[in-house]
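Secondary and tertiary structure notes
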Amino acid sequence: MPKVGMPEIRKPQLINATMEAINSVGLHKASVAMISSYAGVSPAIINHYFGGKNGLLEATMRSVLQQLSHGVKTRLQEAPKDDVVGRIKAIVGGNFDPRQLEPKVVKTWLAFWSLAMHDPALYRLQRVNEKRLLSHLILELKQVLPADRAQIVAQSIAALIDGIWLRGALTPTGIDSQLAQRLIIDYLEQQLPSDIIAKHNA
C-alpha cells in the first residue's frame, strides 16, 4: 500500500528528472529507465503515476506551463492597472523569466514543441498556452487601441516572443532575456499612442 503523500513527493521528482534527462541526452534517448534512475525510483512508478513516458512528458509540460502562468500573474499583480505598457512588460517578462530560461526547461520546451504537432494532448496544451498569452495581451491593448488593432499587435508580440525565444534557444549563448524584452517593448512602443508611452515613463 503506497504511503500517504507519496504522489506529491514522487511526481515533482519525476518531472524534474524528466527535464534533467532531456537536458542530458534529448527526448528520444531519455528512456523511462533513465528518468527513473535520475529520480531514484523504480521504472514501474512512472507507469503507475503517469501511464508511461508520454504521460510523464505531458505532466512535465503542464508543470512548466503552470510555472510560466504563475510568473506572468505575479508580475501583473505588481503592475498598476492603468499602466498598459507596464502590464505588457510584465507579460513579456514572465515569458523570459530566469526559471523559464534554465537549460533543462529550454530543452523541454523544444521537445514539447516538436511533439505537439503529432500528439493531440500536447497540441491542446500548446493551444491553451497560446490562447492564454493572446488573452492577456489583448485585454491590455484594448484599453488604448481599437479592438481590431489590438488583435494585430497582440499577435505580433506573441510571434516576437516565440521567434526570439526559439532563435535564442538554438544559439550557443542561449536566450538573452534583457535583449529579448527590449526588442519586444521597442516594437510595442511604436504601436501605441505617444501619450500612453509618456504616461508610463512619467
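Conventions we followed
- In every chain, residue numbers begin from 1 and rise along the written sequence.
- A pLDDT threshold of at least 70 governs which residues receive local features in this predicted model, and a stricter bar of 80 or more applies before side-chain atom pairs are shown or counted, although totals over entire chains, interfaces and linings include all residues.
- Note: side-chain values were computed over all heavy atoms of the structure, leaving out hydrogens and water.
- Secondary structure elements follow DSSP: runs of H or I of four or more residues count as helices, runs of E of two or more count as strands, with numbering from the N terminus.
- Three labels apply to residues, based on accessible area from a 1.4 Å probe with only protein chains included: buried if under 20% of the type maximum, exposed if over 50%, partly exposed otherwise in between.
- What makes two residues a contact is simply this: any of their non-hydrogen atoms within 4.5 Å.
- All accessibility values rest on the Shrake-Rupley procedure with a 1.4 Å probe; residue burial counts only the protein chains present in the view.
- In summary, the charge assignment counts Lys and Arg as positive and Asp and Glu as negative, without counting His or the chain termini.
- Taken as the charge location is NZ of Lys, CZ of Arg, CG of Asp or CD of Glu.
- Here, expected helix span is obtained from the residue count minus one, scaled by 1.5 Å.
- The directions considered for the arc are those from the helix axis to the C-beta atoms.
- Here the term cavity refers to a set of points on a 1 Å grid, laid over the protein atoms alone, in which a 1.4 Å probe fits but cannot get out; the term pocket refers to an open set having protein on both sides within 12 Å along at least five of seven lines, with lining residues being those that place an atom within 4 Å of a point.
- Grid points are joined across faces, edges and corners, and a volume is the space filled by probe spheres set on the points.
- Each residue carries a pLDDT score, the predictor's confidence in it, ranging from 0 to 100.
- UniProt positions are given in the numbering used here, feature names are shortened, and annotations may be inferred rather than shown by experiment.
- The criterion for an aromatic pair is that two Phe, Tyr or Trp rings (for Trp, the six-membered ring) have centres within 6.5 Å, with stacked assigned to planes under 30 degrees apart, edge-to-face to planes over 60 apart and tilted to the rest.
- Nine residue types can take part in a nonpolar core, namely buried Ala, Val, Leu, Ile, Met, Phe, Trp, Tyr and Cys, and a core is a set of them joined through side-chain atoms within 4.5 Å.
- In protein, a polar contact means a hydrogen-donor-capable atom and an acceptor-capable atom, both N or O and within 3.5 Å, with residues adjacent in sequence counting only if both atoms are side-chain atoms; elsewhere, any N or O pair within 3.5 Å suffices.

1. Considering the overall build of the chain
When helices and strands are counted, the chain shows 10 helices and zero strands. Tracing the chain from N to C terminus, the helices and strands come up as α-α-α-α-α-α-α-α-α-α. With respect to the three principal axes, the spread of C-alpha positions in the chain is 65 × 40 × 30 Å. Classification of the 202 residues of the chain by burial places 45% in the buried group. A separation threshold of at least 6 residues defines the contact pool for the chain, and within that pool the share at least 24 residues apart is 65%. Just so you have it, the chain exposes about 11000 Å², and 56% of that area is on carbon and sulfur atoms. Each charge class in the chain was averaged separately, 23 positive and 17 negative side chains, and the resulting centres sit 7 Å apart.

2. Remarks on helix α9 (residues 177-191)
A rise of 1.5 Å per residue sets the reference length of α9, with its 15 residues, at 21 Å; its end C-alpha atoms lie 22 Å apart and thus fit the reference within 8%. Every buried residue of α9 is listed here: Ser 177, Ala 180, Gln 181, Ile 184, Ile 185, Tyr 187, Leu 188 and Gln 191. With its buried residues spanning 155° around the axis, α9 presents them on a single face. Away from the buried face of α9 by more than 90 degrees, exposed residues Gln 178, Arg 182 and Gln 190 are located. On its buried face, α9 sits against α5 (84-95), α7 (120-141) and α8 (147-169).

3. Digging into the layout of surface pockets
Taken as a whole, the largest pocket encloses approximately 320 Å³ of empty space. Taken together, 20 residues form the lining of the largest pocket, with Leu 68, Asn 95, Asn 129, Leu 133 and Asp 162 sitting closest to its centre. When residues of the lining of the largest pocket are traced back to their parent elements, those giving at least two are α4 (53-78), α5, α6 (103-116), α7 and α8. Tallying contributions element by element places α7 first for the lining of the largest pocket, with seven residues.

4. A closer look at the confidence of the model for the chain
Residues with a pLDDT of 70 or more make up 96% of the chain, whose mean pLDDT is 92. When mean pLDDT is compared element by element in the chain, α5 scores highest at 97, while helix α1 (residues 6-25) scores lowest at 86. Below pLDDT 50 for its whole length, residues 1-6 participates in one contact with residues either more than four positions away or in separate chains.

5. Side note on the UniProt feature "DNA-binding region" (unreviewed entry) in the chain
As recorded in UniProt, the sites labelled "DNA-binding region" (unreviewed entry) are residues 31-50. Taken end to end, residues 31-50 has its terminal C-alpha atoms 14 Å apart, with 80% of it in helix and 0% in strand.

6. As for the packing of aromatic side chains
Across all of its chains, the model carries five aromatic pairs by this definition. Ring centres 5.8 Å apart and planes at 70° place the aromatic pair Trp 109 and Phe 112 in the edge-to-face group. With a gap of three residues between them, Trp 109 and Phe 112 both fall in helix α6, about one helical turn apart. Considering the side-chain rings of Trp 113 and Trp 165, the 5.3 Å spacing of their centres and the 75° angle between planes classify their relative orientation as edge-to-face. Here Trp 113 is found in helix α6, whereas its partner Trp 165 is found in helix α8, with 52 residues between them in sequence. Joined through ring pairs, the aromatic side chains of Trp 109, Phe 112, Trp 113 and Trp 165 make up one cluster.

7. Thoughts on the nonpolar core
By size, the foremost hydrophobic cluster in this structure holds 63 residues, and its most contacted members are Phe 96, Trp 109, Leu 137, Leu 141 and Ile 157. Setting aside anything within four residues of it in sequence, one finds Phe 96 in contact with Leu 101, Ile 161, Ile 164, Trp 165, Ile 175, Ser 177, Ala 180, Gln 181 and Ile 184.

8. Considering the side chain of Gln 100
Along the chain, Gln 100 turns up in the loop between α5 and α6. Among the polar contacts listed, one links the side chain of Gln 100 to the backbone oxygen of Val 64, at a separation of 3.3 Å. For Gln 100, the contacting residues outside a window of four places in its chain are Val 64, Gln 67, Leu 68, Gly 94, Asn 95, Val 105, Val 106, Trp 109 and Trp 165.

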